[in-house]
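# Structural features, examined
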Amino acid sequence: MAWFAEQSEWMNALPRLVWQETRPEFEGEITLVLFGPAKQAGLSPTDLAERLSDFWPTLRLDDGSPLVQQAQAVGGFLNLSLTQPYWRWRWSQGYALTHGTGDQEFKPETIVLEYSSPNTNKPLHLGHVRNNLLGDAMYRILSSLGHRVIRVQVINDRGIHICKSMLAWQKFGQGQDPRSAGVKGDHWVGQFYVEFERAFQDQVQELVGQGRTRDEAENEAPILIEAREMLQRWEQGDPEVVGLWKQMNSWVYEGFEVTYQRLGIGFDRNYYESETYLLGKSLVERGLQQGLFRRDESGAVWVDLQDRGLDSKILLRSDGTSVYITQDLGTAEQRQHDWVFDRMIYTVANEQDYHFKVLFAILDKLGFPWAARCYHLSYGMVDLPQGRMKSREGTVVDADDLMDEVQNLAAAKLAESEKLTHLSGDQKNTLALEIGLAALKFYLLKVDPTKRMVYNPVEALDLQGHTGPFVQYAHARLSSVLVRALSESPQGSTHANGLSYEKWNATERFLLRQFSQWKPSVEAAAKENNPSHVADFAYGLATAFNRFYHECPVLQEPDPEAKAFRLALCRQACTLLKESLGLLGIAAPERM
RNA sequence: GGUCCCGUAGCUCAAUGGAUAGAGCAACUGCCUUCUAAGCAGUAGGUUACUGGUUCGACCCCAGUCGGGAUCACCA
């Protein structure tokens with residue numbers, strides 16, 4: 001709306017003009033909030049509106065037609081109705097994200113985007129699913145605006161946790177593998193992690209029975225000592241242990257890959273902790289030489305961040321081994337080396353807010369100029385209606401089970417429908433997954449990521465109302481109209497834009513107005529790292545279309561101009577629904 | 001205890017410091033002989049946790065109180 005300000009010197013003198021969408025209950029499309037400017041000008045809002053009344057008619061489009069049809073002051077608000085020529089012009093400009101007006105200041109960036117990053121001792125669960133969907137949606141949103149986005153994850157493949165699974169497999173696995181046992185690889189390895197914990201707890205109980213304290217028992221349990229020995233042998237490169245480690249991890253990766261594919265997400269590069277932790281150690285050594293860190297009497301290395309309002313943090317243990325944050329330092333530098341990124345985004349749950357403050361502070365202390373361009377995309381935990389997920393109580397929602405559930409529900413709905421009886425079994429399965437995933441993805445993405453949320457299975461599986469399938473359904477109805485139109489008239493009116501039609505009704509105009517929200521919604525989502533703005537757009541457009549569909553016949557419309565106009569509205573609505581769903585990683589089936 | 005986050009309809013969530021705080025679910029009314037009823041139209045549901053402050057204007061900003069969560073490991 002820059003052209004308003006450019007038109008008038010004295011309007012330029014009024015700072016901080018606030019524009020907003022006119023609320024539906026008032027006439028007009030765009031509203032100028034007059035309170036602030038009125039105060040600056042020493043006028044009452046009504047007086048200011050009066051002074052402005054001569055101004056609006058002077059605004060013209062390039063072809064000389066008027067821009068503002070009517071300006072109506074209501075209290076401190078000035079509601080402007082824009083002319084049909086404006087909307088027609090706006091529509092003719094198209095709604096593409098990467099072209100068109102206002103792009104002068106846009107600079108494409110190289111963005112490293114980390115998400116998922118699971119441990120390799122357990123299958124993925126609901127929390128990972130929120131993480132994955134957020135990361136995937138941000139990838140799609142940032143890419144759609146023209147950025148180069150590199151999707152990465154860090155694989156925590158090293159450490160005591162994986163040794164526990166390895167040891168339990170040696171003891172209880174009876175030489176079986178996922179294939180022979182008929183279990184998905186990540187679940188298979190997860191089972192042995194649980195087996196380990198069980199055996200460990202049994203041994204602790206026994207030791208406590210023999211008179212040890214719980215702390216002593218937890219330190220002395222033979223199976224834990226064995227696991228620690230295994231970790232040492234791994235660090236020394238013992239071929240047998242390393243071979244087993246590779247085997248276990250490959251089973252996990254196979255399992256993860258199946259889950260990722262079904263969920264529809266992927267990565268451009270994996271960073272393995274086992275490959276970057278040494279790099280982290282050398283960074284710490286360098287900082288030590290530069291006097292940025294200090295070594296205490298026991299030999300442990302610390303960084304003091306009290307000058308930045310943070311505490312001291314250990315970087316290397318007294319035995320010289322690295323801790324969690326050490327590998328993050330190394331991985332970060334490796335990524336800057338690999339991609340020379342402008343920005344790096346870490347999609348990690350908000351329980352690690354402090355960890356990332358510390359990480360970025362250390363990177364800054366080490367003198368990396370890009371440290372300030374690292375960002376923690378922090379998201380809230382997913383709770384169940386009865387509270388937090390707890391593995392001990394068996395309430396963890398498994399990602400694969402979750403997808404089965406949503407697919408089965410959608411399949412049941414399809415089976416009772418009489419619309420799609422001609423589809424094959426495979427086609428129905430694919431469609432059921434697309435619809436089920438739409439429900440799941442939309443449910444998780446429509447919420448502000450920073451907020452803790454509740455996953456209620458009953459609501460998440462809903463296919464009606466404020467849901468993904470609702471939006472898909474609008475798209476399917478549109479597709480159906482467009483297919484029929486095409487078969488009616490293969491080259492004819494389907495390509496006319498209907499722009500000469502002038503008798504728009506309120507419903508048509510409202511639908512057209514929605515289109516203009518597309519780019520602002522995507523830009524807001526990118527700026528705030530919040531895909532819910534895109535979900536909002538999709539839902540709002542679907543709602544506007546449903547009303548239009550109900551009130552305005554398209555194919556039966558006798559007036560050819562009106563029909564062509566409505567068909568053009570349908571084509572645009574269909575495209576934008578599909579694209580907005582696409583940015584959320586949701587399929588847009590043509591029938592359902 | 002220190003630090004950080006959160007508290008909006010019965011439930012789940014919206015609302016760049018702006019108009020009468022909006023949706024969906026659940027409840028209740030209507031609408032399929034008409035392009036897909038996974039839809040549309042409507043009714044009902046609120047002291048935005050509480051108390052002050054700033055402002056022409058506060059769910060939003062500030063202070064305090066209460067309630068919930070996270071974090072403060074030589075765990076990852």
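Described in the following lines is the structure provided in the data block. Just so it is clear, the structure is predicted and the values come from calculations on it, not from any experiment.

## Description of the overall build of chain A
- Scanning chain A from terminus to terminus reveals 23 helices and 14 strands.
- For chain A, the C-alpha atoms occupy an extent of roughly 90 × 65 × 40 Å along the three principal directions.
- A total of 592 residues make up chain A; the buried ones form 51% of that total.
- Of the contacts made within chain A by residues no fewer than 6 positions apart, 73% connect residues no fewer than 24 positions apart.
- For chain A, the accessible area works out to roughly 28400 Å², and carbon and sulfur atoms hold 49% of it.
- The positive charge centre, built from 61 side chains, and the negative charge centre, built from 77, are 2 Å apart in chain A.

## A closer look at the protein's contact with RNA strand B
- Residues in close proximity to RNA strand B total 64 residues, the closest being K39, F77, V454, Y473 and Y549.
- R317 is positioned with one of its side-chain polar atoms (N or O) 2.6 Å from a phosphate oxygen of RNA strand B.
- Listing elements by their share of the surface near RNA strand B, those giving two or more residues are strand 1 (18-21), strand 2 (30-33), helix 3 (35-41), strand 4 (77-82), helix 16 (399-416), strand 14 (453-454), helix 19 (468-488) and helix 22 (532-551).
- When residues in the surface near RNA strand B are grouped by element, the largest group, seven residues, is from helix 19.
- Partitioned by chemical class, the residues of the surface near RNA strand B number 29 nonpolar, 15 polar and 20 charged.

## Looking at the sheet that holds strand 8 (residues 294-295)
- Strand order in this open sheet of three strands is 8-9-10, and the pairing throughout is antiparallel. Bordering the open sheet on either side are strand 8 and strand 10 (312-316), each of which pairs with just one other strand.
- Sheet topology note: the strand 9 (residues 301-304)/strand 10 ladder contains four bridges and is antiparallel. Counted as the bridge partner of V301 is L316 from strand 10.

## A closer look at the pattern of salt bridges
- A complete count under the given rule lists 28 salt bridges for this structure.
- Between R233 and E240 there is a salt bridge; the shortest N-O distance is 3.8 Å.
- Here R233 falls in the partly exposed class, since its relative accessible area comes to 33%.
- Its relative accessible area of 54% is what places E240 among the exposed residues.

## Digging into the side chain of Q327
- Note that Q327 resides in helix 14 (residues 324-339).
- If near-sequence neighbours (up to four positions away) are discounted, Q327 is found in contact with V154, N156, E273, T276 and Y277.

## Quick notes on the pairing of strand 3 (residues 68-74)
- Across six bridges, the pairing between strand 3 and strand 4 is antiparallel. Considered in strand 4, the bridge of V68 is made with L82.
- In this antiparallel pair of consecutive strands, strand 3 and strand 4, the connection spans two residues, and G75 shows a positive phi of 60°.

## Quick notes on the state of the cysteines
- Counted by the stated rule, this structure contains zero disulfides.
- We note that C570 lacks a disulfide partner, and the nearest cysteine sulfur, in C574, lies 8.4 Å from it.
- You can call C570 buried: its relative accessible area is 1%.
- In this structure C574 comes out as buried when scored by relative accessible area, which is 11%.

## What about the packing of helix 20 (residues 506-515) against helix 23 (residues 560-583)?
- For the pair helix 20 and helix 23, the least separation of the axes is 10 Å and the interaxial angle reads 35°. The handedness of the crossing between helix 20 and helix 23 comes out as left-handed. Contact with helix 20, carried on its side by E508, L511, L512 and F515, involves F565, R566, L569, Q572, A573 and L576 of helix 23 and no other residues of that element.
- Within the contact of helix 20 with helix 23, the residues separate by chemical class into seven nonpolar, one polar and two charged.

## Side note on the packing of aromatic side chains
- This model, assessed by the stated rule, comprises 29 aromatic pairs.
- Between the aromatic rings of W188 and W251, the centroid separation amounts to 6.5 Å while the plane-to-plane angle is 80°, which identifies the pairing as edge-to-face. Residue W188 is located in helix 9 (residues 185-209), and its partner W251 is located in helix 12 (residues 239-263); the two are separated by 63 residues in the primary sequence. The two residues W188 and W251 agree in class, both being buried.
- One aromatic cluster is present, built from ring pairs that chain together W91, Y95, Y501, W504, F515 and F565.
- The side chain of R151 reaches across the aromatic face of Y139, ending 4.2 Å from its centre.
- Sitting over the face of the ring of Y277, R158 holds its NZ or CZ atom 4.2 Å from the ring centroid.

## Concerning the environment of R130
- Within the secondary structure, R130 is located in helix 6 (residues 126-144).
- Exposure remark for R130: the relative accessible area of 2% places this residue in the buried category.
- Placed 251 residues apart in sequence, R130 and M381 show a C-alpha to C-alpha distance of 8.7 Å.
- Those residues in contact with R130, other than ones at most four positions away along the chain, are Y379, G380, M381, V382, L444, V447, D448, P449, K451, R452 and M453.

## Some words on the nonpolar core
- In this structure, W56, L126, L444, Y455 and F515 are the most contacted members of the largest nonpolar core, which totals 134 residues.
- Examining the composition of this core, we find that twelve residues originate from one element, helix 23, more than from any other.
- Y455 has contacts with L126, V382, D383, L384, P385, L402, L440, Y443, L444 and A460, leaving out every residue within four places of it along the chain.
- Among the nonpolar cores identified, the runner-up in size contains 36 residues, and V284, L288, L305 and A371 belong to it.

What counts and how
Residues numbered from 1 in each chain as written. Chains lettered and ligands numbered in written order. Predicted model: local features only at pLDDT ≥ 70, side-chain atom pairs only at ≥ 80, totals over all residues. Heavy atoms only, no water. Helix = DSSP H or I, 4+ residues; strand = E, 2+ residues; numbered from the N terminus. Buried < 20%, exposed > 50% of the residue type's maximum accessible area, 1.4 Å probe, protein only. Contact = heavy atoms within 4.5 Å. Areas by Shrake-Rupley, 256 points an atom, 1.4 Å probe, with all protein chains shown as cover. Lys, Arg positive; Asp, Glu negative; His and termini not counted. Charge placed at Lys NZ, Arg CZ, Asp CG, Glu CD. Near = heavy atom within 4 Å. Polar contact = N/O pair within 3.5 Å; in protein donor to acceptor, adjacent residues only side chain to side chain. Nonpolar A, V, L, I, M, F, W, Y, C, P; charged D, E, K, R; others polar. Pairing = 2+ DSSP bridges. Salt bridge = Lys/Arg side-chain N within 4 Å of Asp/Glu carboxyl O. Disulfide = S-S within 2.5 Å. Axes fitted to C-alpha atoms, helices over the stretch in contact; angles between N-to-C directions. Left-handed = near helix turned anticlockwise from the far one by under 90°. Phe/Tyr/Trp six-rings, centres within 6.5 Å; stacked < 30°, edge-to-face > 60°. Lys NZ or Arg CZ within 6 Å of the ring centre and 35° of its normal. Core = buried A, V, L, I, M, F, W, Y, C linked by side-chain atoms within 4.5 Å.

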